[in-house]
Amino acid sequence: MKLNCKRIDFTYTPGEEIFNFPEESGLPFIFDVEEELTADPAAMDAVGEMLDEAEKLAGKAKTAIKAALADEDSRYHSVVTFFMEFHRDDVGPDIAAELFPGTDPAKLSFAEMVDFLKLKRFGSLVDDEMDQQVFILDLSFNPEITDELMVIYFDLNKEIFCITHES
């Protein structure tokens, strides 16, 4: 079947997982969809719509991360703060310099670091707890240097319902 998406011409097999690296899909990030969703045309229409807005969603995710950094009462504050501290203070100066080129990493605020995050993966699956389709965006500073990710979960209404740190 053909994905109803404006940004790429993509054909998939219903009932089979999609997992494509950028060189396979032509997208600048990994693209994956759980097999349960590929068998559902309505779910795949949602995938196409969200995929067309992937960078906009990544921007929304960065705004949410900055808001969590600024709000000590946010349920995500400690998660995003730990992620930023690790990449600025714990990886060592040489690695930090590679992660944040053209800057003095020691002088970067956590909010400024968010701007260096890049969308590395866009995916969709059925969340077991919610029993509905969700979308996952993995943001990374540089996956060739660090496997640490800020993972942002969106619902079908394009609202963030979870921010987590994974590796």
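Since the structure is predicted, the reported quantities are computational estimates derived from the model, not experimental observations.

Enquirer: Outline a negative patch on the surface, listing residues and values.
Expert: On the surface, a cluster of negative charge is contributed by Glu-17, Glu-35, Glu-36, Asp-40, Asp-45, Asp-128, Glu-129 and Asp-131. Counting through the fold element by element, Asp-40 comes out in the loop between helix H2 (35–38) and helix H3 (41–52). For Asp-40, a relative accessible area of 34% translates into the label partly exposed.

Enquirer: If you had to explain H3 to someone new, which residues and values would you point to?
Expert: With 12 residues, H3 extends 17 Å between its outermost C-alpha atoms, agreeing within 8% with the 16 Å of an ideal straight helix rising 1.5 Å per residue. Restricting attention to buried positions, one finds in H3 the residues Ala-43, Met-44, Ala-46, Val-47, Gly-48, Met-50 and Leu-51. Of the residues that open H3, the one with a side-chain oxygen 3.0 Å from the backbone nitrogen of Ala-42 is Asp-40.

Enquirer: Pulling in residues and values, what's your account of the pairing of strand S3 (residues 118–127)?
Expert: In terms of residue burial, S3 counts as a mostly covered element, since 7 of its 10 residues are buried. Bridge analysis of strand S2 (residues 30–33) against S3 gives 4 bridges, and the strand direction is parallel. The partner of Asp-32 across the bridge, within S3, is Gly-123. Counted between consecutive antiparallel strands, the loop separating S3 from strand S4 (residues 132–140) contains 4 residues, among which Asp-131 sits at a positive phi close to 55 degrees.

Calculation notes
- Residues numbered from 1 in each chain as written.
- Predicted model: local features only at pLDDT ≥ 70, side-chain atom pairs only at ≥ 80, totals over all residues.
- Heavy atoms only, no water.
- Patch = residues over 30% accessible without salt bridge, like charges linked within 9 Å, V, L, I, M, F, W, Y side chains within 5 Å.
- Areas by Shrake-Rupley, 256 points an atom, 1.4 Å probe, with all protein chains shown as cover.
- Salt bridge = Lys/Arg side-chain N within 4 Å of Asp/Glu carboxyl O.
- Lys, Arg positive; Asp, Glu negative; His and termini not counted.
- Charge placed at Lys NZ, Arg CZ, Asp CG, Glu CD.
- Helix = DSSP H or I, 4+ residues; strand = E, 2+ residues; numbered from the N terminus.
- Buried < 20%, exposed > 50% of the residue type's maximum accessible area, 1.4 Å probe, protein only.
- Expected span 1.5 Å × (residues − 1).
- Polar contact = N/O pair within 3.5 Å; in protein donor to acceptor, adjacent residues only side chain to side chain.
- Pairing = 2+ DSSP bridges.

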